[in-house]
Structures are given as structure tokens and as C-alpha cells.
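Residue strings, one per chain:
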Amino acid sequence: MALWSGRFEEGVDEFTQRFGASLPVDKRMYAEDIAGSIAHSAMLAKQGVISAEDAAAIKGGLEAISTEIETGEFPFDINNEDIHMSIESALTQRIGSAGKRLHTGRSRNDQVATDTRLYMKKRAKQLMAANVALREALVQKAQENFNVILPGYTHLQHAQPVLFSHHMLAYTWMFARDFERLQAAYRAADANPLGSAALAGTTYPLDRFATTEALGFSHPISNSLDAVSDRDFLLDLIYACSVSCLHLSRLCEELILWSSAEFGFVTMADSYSTGSSIMPQKKNSDFAELIRGKSGRVVGDLMALMMTLKSLPLAYNKDLQEDKEGAMDAADTLEDCYVCAAGMVAAMTVNADAMMAQAKKGYMAATDVADYLAKKGMPFRQAHEAVGHLVLLCDKRGCGLEDLTLQDFQNESPLFEADIVECLDLPAIVAARTIYGGTGHEAVRVQMTEVKAQLEKDRAYL
Ligand code: ARG
């Protein structure tokens, strides 16, 4: 019989028992459930609500249960709806009546909120660690290929040459912002619901500040109704996971494109590729595709919880039991994607020659040629048009800007002089973007120190 069976004459049938159970999902929170119960019972004893002997027996019993769960000996039984009832009934079987005093002044409503917050604080930190590892892999790749020139794109058309390292560092900033979002989710979870009981608080003289301190929360939640109903911290976590998955999908999309025959900019390691069961020659960037695909399910987890919370009246409703599965899935998925992406980036080969060969196409010096004229006094719009004519000329001749003669340039404008060749040199074009945040080598070196300083700060936070 369930722990709440007193007012019932009949139990639920096997199907409804299973349908209503959250044990398969929430048993992952066993350590948090036990920590919460130890803190609660110690506080009950300190406040004189239960005896010190009972609190000691509860602690001993819970620790033994913890060991049993860790060694796989704990007899999980779906007849206990969730991890909270599983542990409480095992405790009572083990230590008798002292176990029955544990739930004094507590409800599963504040208990589940407490456990979930503790659990998600832990997961958020683990995600932050995996986030840092991915950023380290990107920085490493950027460093190893610092001077490699990549065609920069807008509209997926050749635009201006950039440093490959600048491109990799762009992703480190995206993931650094995701780290901040994970920190925000951590902070949102970092508040103690215990003492709110079912919804209204309790008549027992509980010390909410004591359990707050014992469990490492930053403060007790101010409103008991809010404490048992709030799942914003899960939305925040899944949102952070979703945005980071979107970032991963953008990175992976580029790596998939770059590892195609058309680009050949990178070669994926065999260990991050798969073959085909029919086409012997195939080498597919399967894992990058999978990461790109998994962003869909994580955003789905966010939508699912938002819809579950929509219009939900205060305070606890069983709908809220649906909160954990998606949040855990989002965290698990993102963590795996971080690990996979970090390994994939570390193991890939950067093909500098292929990047340079493409960077030479598409008149990527055009902006600099226009700037050349503008710096000599021609209004930029007019310079833009003049260089447009030169590009048209090249198009007709089937050549590049660097193949035009000085005469060709001067036919377009007498401002052109022999030094125009300097504007056609790709490394010089890149290097000239010395502006803060630009792709010039010097600017990227400055940026690299900033990226590393941020990583250092984030590592220290963990
Ligand atoms: N299994 C429930 C959940 O995960 C625990 C809280 C149940 N509270 C209740 N009053 N039924 O949400």
C-alpha cells in the first residue's frame, strides 16, 4: 500500500500505478533526495521536533540506503510512485518508527522541488565543465592554425578573407555566452523550497535557514506557494541547453559542409566518421550530423515544458511531474553533444591549401580596392561602382582582379597606382583589419588573450 493509503479503500490497478509513477525518471535524484532528508531530519532534531536519536537513526538508515542504491542492490519497486516514497518506505522498513517521523513538516511537493533544484544545480555545473572543454578544443584548433586564411562568407557567397582562427574564436564566444546562460540557470535553481510543505508552510517551528545552509542553497524561497509551483529554473536550464544546441548545430553544419568534396576545408578524423553499408567509398560526417539533429529534440524539451506550465493553477499539480524527463534529456543531450563536438574538433585536420585556393576566388579583394580609391579621396559610393566595373571586366575575361594590368585599373580611375597590388594580397587584406574585434592577425591575437582570460575565469567558477 502507498504511504498515503489511509483514506483509501482500494488501491490503483497495475496500469495506473505504472502510468502515475515517476520512479524510472526521478531515481536519478536519489542522492539529492537523501541529502534533503538528512538536512531536514537534522533540522527537525535541532528544533526539538524529533529526538536526536531518531535523527541519528534516520541519517544512518539513509546512508545505508544510499550505499545500496550505489551498489545496485536497492530493490526499486514501481509500487512506490517515486524516489521520495521509495526511499522513505525503505527507511521505515529498515529503522522502524523513527523513519515514520522523517516526513514531519514536509510534503513531497517541497521535497520534489528541493531535490530537483539540487540535482539541476549539479547538472548545470557538469554542463559548464563540458562547455569549457569544447571551448578549449576550439581555442587549440585556432592556435594550431592561427595564420590560415579562410574565405569568409555572407549569404554563403565569398565575401572577404578571414583568419580561420578568427572563425573558430567566434564559436568560443557563442559557447561562452552559453556558459553564462548555464550560470543563470544555476542561480535560478539555487533557492530552497523546504519548509513550504504542501503549499502553505507549516505549523512546526522549522528553521528554513538551517536547511538552506546545510544543502548549500543561497536563500530560502520567500513564498511557499511559489516554492512548490515554480519550475522556471528548469525552463532556464532547458533554454540554455537549447541555445547551446543551436550553436552546436551551426558549428556542425559548417563542419559537414567543409568536409564535403566541394569544400575540402577540413578532413574529419576516421573516429568521427562512418561509412556506408552499400557504397564502399563513403566517409560521412555522421556525428556532426547527429549533433545538428539533436538540437531539435532539445528545443522540443523546452516547448514541452513551456506548454505543461501554461495555465497551470497554483500550487502543485501532478502535471509538474512531467518536468524532469525533458530537463534531464536536454542536459544529457547537450552534455553528450559537447563531448562529441570537442573530440571531433580536436581530431579534425585543417586543410589550409584548400581554404586558400577558394579564398583566391570570388574577387574577395574588391572591398579593399574600393577602400583604396576612397582613401585617395573618391567618395566611397563612387569607388564601389568603379570596382564593380572592374569585377565585371574580370567576369567577362574569366580572370581575377589580380590578373588585371595597371592600365586596366587606370582606365577605371587615374587614382590607381602601382601600389594597388598590395590591396590584392590576401594575407595583407586580412592583416589590415587591425580594428578591435577584426580579423587582422594582431587583433585576433588580442582576442585570443581575451578568450583565454574568459576561459580561465569560467574554469575558476566550476
Ligand atoms: N512524483 C511527484 C513528482 O515528481 C512527486 C510529488 C508528488 N506530490 C503529490 N502531491 N502528488 O512531481
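In this text the structure is predicted, and so the values were computed from the model without any measurement.

Conventions and cut-offs
Residues numbered from 1 in each chain as written. Predicted model: local features only at pLDDT ≥ 70, side-chain atom pairs only at ≥ 80, totals over all residues. Heavy atoms only, no water. Helix = DSSP H or I, 4+ residues; strand = E, 2+ residues; numbered from the N terminus. Rg over C-alpha atoms; globule rule 2.2 N^0.38 Å. Buried < 20%, exposed > 50% of the residue type's maximum accessible area, 1.4 Å probe, protein only. Lys, Arg positive; Asp, Glu negative; His and termini not counted. Charge placed at Lys NZ, Arg CZ, Asp CG, Glu CD. Core = buried A, V, L, I, M, F, W, Y, C linked by side-chain atoms within 4.5 Å. Contact = heavy atoms within 4.5 Å. Expected span 1.5 Å × (residues − 1). Near = heavy atom within 4 Å. Polar contact = N/O pair within 3.5 Å; in protein donor to acceptor, adjacent residues only side chain to side chain. Areas by Shrake-Rupley, 256 points an atom, 1.4 Å probe, with all protein chains shown as cover. Nonpolar A, V, L, I, M, F, W, Y, C, P; charged D, E, K, R; others polar. Axes fitted to C-alpha atoms, helices over the stretch in contact; angles between N-to-C directions. Parallel < 35°, antiparallel > 145°, perpendicular 65-115°, else oblique. Left-handed = near helix turned anticlockwise from the far one by under 90°. Salt bridge = Lys/Arg side-chain N within 4 Å of Asp/Glu carboxyl O. Pairing = 2+ DSSP bridges. Patch = residues over 30% accessible without salt bridge, like charges linked within 9 Å, V, L, I, M, F, W, Y side chains within 5 Å.

(A) Region of interest: the overall build of the chain. Across its full length, the chain carries 19 helices and four strands. Radius of gyration (C-alpha) of the chain: 30 Å, far over the 23 Å computed for a compact globule of 462 residues. Summarising its shape, the C-alpha atoms of the chain cover approximately 100 × 55 × 40 Å along the three principal directions. The burial tally for the chain puts 50% of its 462 residues in the buried class. On the chain, the mean spot of the 44 positive side-chain charges and the mean spot of the 62 negative ones are 1 Å from each other.

(B) The arrangement of the nonpolar core in detail. If you look at the biggest cluster of nonpolar residues, it comprises 102 residues, and the most contacted ones within it are F164, L248, W258, V369 and L401. Counting residues per element, this core draws most heavily on helix 11 (residues 232-258), which supplies 14 residues. Excluding its chain neighbours within four sequence positions, the residues that come into contact with L401 are Y363, A365, A366, L390, V391, C394, F409 and L424. Among the nonpolar cores identified, the runner-up in size contains 19 residues, and I38, I65, I69 and I83 belong to it.

(C) Focus on helix 19 (residues 441-461). Its 21 residues place the ends of helix 19 30 Å apart at the C-alpha level, agreeing with the 30 Å of an ideal helix rising 1.5 Å per residue. Packing partners of the buried residues in helix 19 comprise helix 7 (108-144), strand 2 (157-163), helix 8 (164-189) and helix 18 (426-431).

(D) Just the site of the ligand, in detail. What surrounds the ligand is the set S22, E81, D82, R108, N109, V112, Y316, Q321 and K324. S22 places a side-chain nitrogen or oxygen 3.0 Å from a nitrogen atom of the ligand. One of the side-chain N or O atoms of K324 is found 2.9 Å from an oxygen atom in the ligand. When the ligand sits alone it has 350 Å² of accessible area, and the protein chains cover 85% of it. For the shell around the ligand, the element with the most residues is helix 7, which contributes three residues. Looking at side-chain class alone, the shell around the ligand contains two nonpolar, three polar and four charged residues.

(E) Structural context of the packing of helix 8 against helix 19. Relative orientation of the contacting elements helix 8 and helix 19 amounts to 25 degrees, with a least axis distance of 11 Å. Relative to helix 19, the element helix 8 lies roughly parallel. Remark: the crossing between helix 8 and helix 19 carries left-handed chirality. On the side of helix 8, the interface is formed by S165, H166, L169, T172, W173, A176, F179, Q183 and Y186, while helix 19 contributes V444, Q447, M448, E450, V451, Q454, D458 and Y461. Residues that form the contact of helix 8 with helix 19 fall into these classes: nine nonpolar, six polar and two charged.

(F) Structural context of the pattern of salt bridges. Within this structure, the stated rule accounts for 27 salt bridges. As a salt-bridge pair, E335 and R123 come within 3.0 Å of each other at their nearest N and O atoms. You can see E335 sitting in helix 13 (residues 323-347) and its partner R123 sitting in helix 7, a full 212 residues away along the chain. Across the salt bridge formed by D323 and K324, the nearest N and O atoms sit 2.9 Å from each other. Overlapping salt bridges, with partners in common, bring together R28, R123, D332 and E335 in one network.

(G) Structural view of the pairing of strand 1 (residues 149-154). Pairing geometry for strand 1 and strand 2, over five bridges, is antiparallel. Directly across from T154, in strand 2, lies its bridge partner Q157. Linkage of strand 1 to strand 2, two consecutive antiparallel strands, is achieved through a turn of two residues, within which H155 is found at a positive phi near 60 degrees.

(H) Summary view of unusual backbone geometry. Here L314 and A315 are connected by a cis peptide whose omega angle stands at 0 degrees. On the secondary structure map, A315 appears in the loop between helix 12 (286-309) and helix 13. Of note in the backbone geometry, A197 takes a positive phi value of approximately 55 degrees without being a glycine. With respect to the helices and strands, A197 occurs in the loop between helix 8 and helix 9 (208-215). The exposure class assigned to A197 is buried, which follows from its relative accessible area of 8%. For Y363, which is not glycine, the phi torsion reads 50 degrees and is therefore positive. Within the element layout of this structure, Y363 appears in the loop between helix 14 (352-359) and helix 15 (366-375).

(I) Spotlight on the side chain of R106. Residue position: R106 is located in the loop between helix 6 (97-100) and helix 7. In terms of polar contacts, R106 uses its side chain to reach the side chain of S37, at 2.9 Å. If near-sequence neighbours (up to four positions away) are discounted, R106 is found in contact with G36, S37, H40, Q111, L194 and A197.

(J) Representation of the environment of M29. Within the secondary structure, M29 sits in the loop between helix 2 (23-26) and helix 3 (30-46). The exposure class of M29 is buried, given its relative accessible area of 0%. Taking the C-alpha atoms as reference points, M29 and H247, separated by 218 residues in sequence, lie 29 Å from one another. Sequence-distant contacts of M29, defined by excluding residues within four places in its chain, comprise H84, D115, T116, Y119, K324 and M328.

(K) A nonpolar patch on the surface, seen in detail. A cluster of nonpolar residues, L199, L225 and L314, forms a patch on the protein surface that exposes about 270 Å² of accessible area. Within the secondary structure, L225 sits in helix 10 (residues 224-229).

These results come straight from atomic positions and should not be treated as a statement about function.
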